[in-house]
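# Structural features, examined
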Amino acid sequence: MENNSHRTYRGKLKAIIFDWAGTTLDYGCLAPTIAVMNLFEQEGVKITIEEARKPMGAYKKDHIRQILNMPSVRSRWQQKYGKPPLEQDVERMFNNFIPVQTECLPKYADLIPGTLETVSNCRMRGMKIGSTTGYTQSMMAVLLAEANRRGYSPDTTVCSDQVRAGRPEPWMCYQNAINLGLYPMEAFVKVDDTPTGIAEGLNAGMWTIGVAKTGNEVGLSRAEIEKLSQNDLQEKLEKAYQRLYQAGAHYVVDGIWDIPKIIDQIQEKLKLGEKP
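Note that the structure is predicted; figures quoted are calculated from it, not measured.

## Some details on the pattern of salt bridges
In total, this model carries 23 salt bridges according to the counting rule given. Taking the shortest distance from any N to any O, the salt bridge between R167 and D192 comes out at 3.4 Å. Of the two residues, R167 is situated in the loop between β3 (156-159) and α8 (171-180) and D192 in strand β4 (residues 188-192); the sequence distance between them amounts to 25 residues. Judged by its relative accessible area of 4%, R167 falls in the buried class. Within this structure, D19, R167, K190, D192 and E200 form a network of salt bridges that share partners.

Structure follows, in structure tokens:
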């Protein structure tokens, strides 16, 4: 006999899974962008900031591989070396990238305004705080220490090199759930500033919130944003909102400070039996 029964979760949200650069700290997602651009400059093949940012959110080895696979970058590489980039180049560059990125991290570890307040609000609701990242464990050891000094300490952090594959696959989100001992996945919220991070949350069956103003899609520091005209800022924000919604985000906000009101909306949807 076929079983068509299903259960509907109508309870409270149990956890929120934050990204790092561009979401909770490093306004503008600058540290990984600068490190990747410096890495390619060391190779004698300069890349644009747009090329550096396009794969943002991916495991850093995948990030390097995706840039090397861009036709524009492959062409420059071919001109420089007389042959296309190979997998051995990816491995070598990734090994060289680790110290470059690690050295850069403390310079861009300031928390984004509203991070501590939003985390506190989530904790008051009884929610646990998790996180996922494209950084490796060695990189995150540095960043976690810096964040802790600034008052931010998630209950669990999972790195791309701790699971079988990084974003957009869902394994880091699932490992967060295992570490926290919580389920079902519709009781989780994933917050990220990149399309691949939104895809990670969707693939894990979570509610997703995109972060536009402080993240990779706008890609400017707080000081740089304050220098923009209102029209220029609005144009950049509209494009960022569009890209994150196109990635499938259930909601998009300017920054982490807007998260509590979205949590209220998601909670109402859960009460009605809606799923991500």
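## Concerning the sheet that holds strand β2 (residues 128-133)
With respect to topology, 6 strands assemble into an open sheet ordered β3-β2-β1-β4-β5-β6, the strand pairing being parallel. Two strands lie at the open edges of the sheet, namely β3 and β6 (251-253), each paired on one side alone. Pairwise comparison of adjacent strand axes, ignoring direction, gives a mean angle of 20° for this sheet. Here 4 bridges tie strand β1 (residues 15-18) to β2, and the two strands are oriented parallel to one another. Pairing of I17 across the sheet is with G130, part of β2. Along the sheet, α8 contacts β1, β2, β3 and β4; its crossing angle with β3, the most-contacted strand, is approximately 150°. Those strands touched by helix α11 (residues 230-246) are β5 (207-211) and β6, and its axis lies near 155° from that of β6.

## Describing the side chain of S131
Relative to the helices and strands, S131 is located in strand β2. Reaching out from S131, the side chain makes a polar contact with the side chain of W20 at a distance of 3.0 Å. Filtering out sequence-adjacent residues up to four positions away, S131 remains in contact with I17, F18, W20, P154, T156, T157, V158 and N176.

Parameters and conventions
- Residues numbered from 1 in each chain as written.
- Predicted model: local features only at pLDDT ≥ 70, side-chain atom pairs only at ≥ 80, totals over all residues.
- Heavy atoms only, no water.
- Salt bridge = Lys/Arg side-chain N within 4 Å of Asp/Glu carboxyl O.
- Helix = DSSP H or I, 4+ residues; strand = E, 2+ residues; numbered from the N terminus.
- Buried < 20%, exposed > 50% of the residue type's maximum accessible area, 1.4 Å probe, protein only.
- Pairing = 2+ DSSP bridges.
- Axes fitted to C-alpha atoms, helices over the stretch in contact; angles between N-to-C directions.
- Contact = heavy atoms within 4.5 Å.
- Polar contact = N/O pair within 3.5 Å; in protein donor to acceptor, adjacent residues only side chain to side chain.

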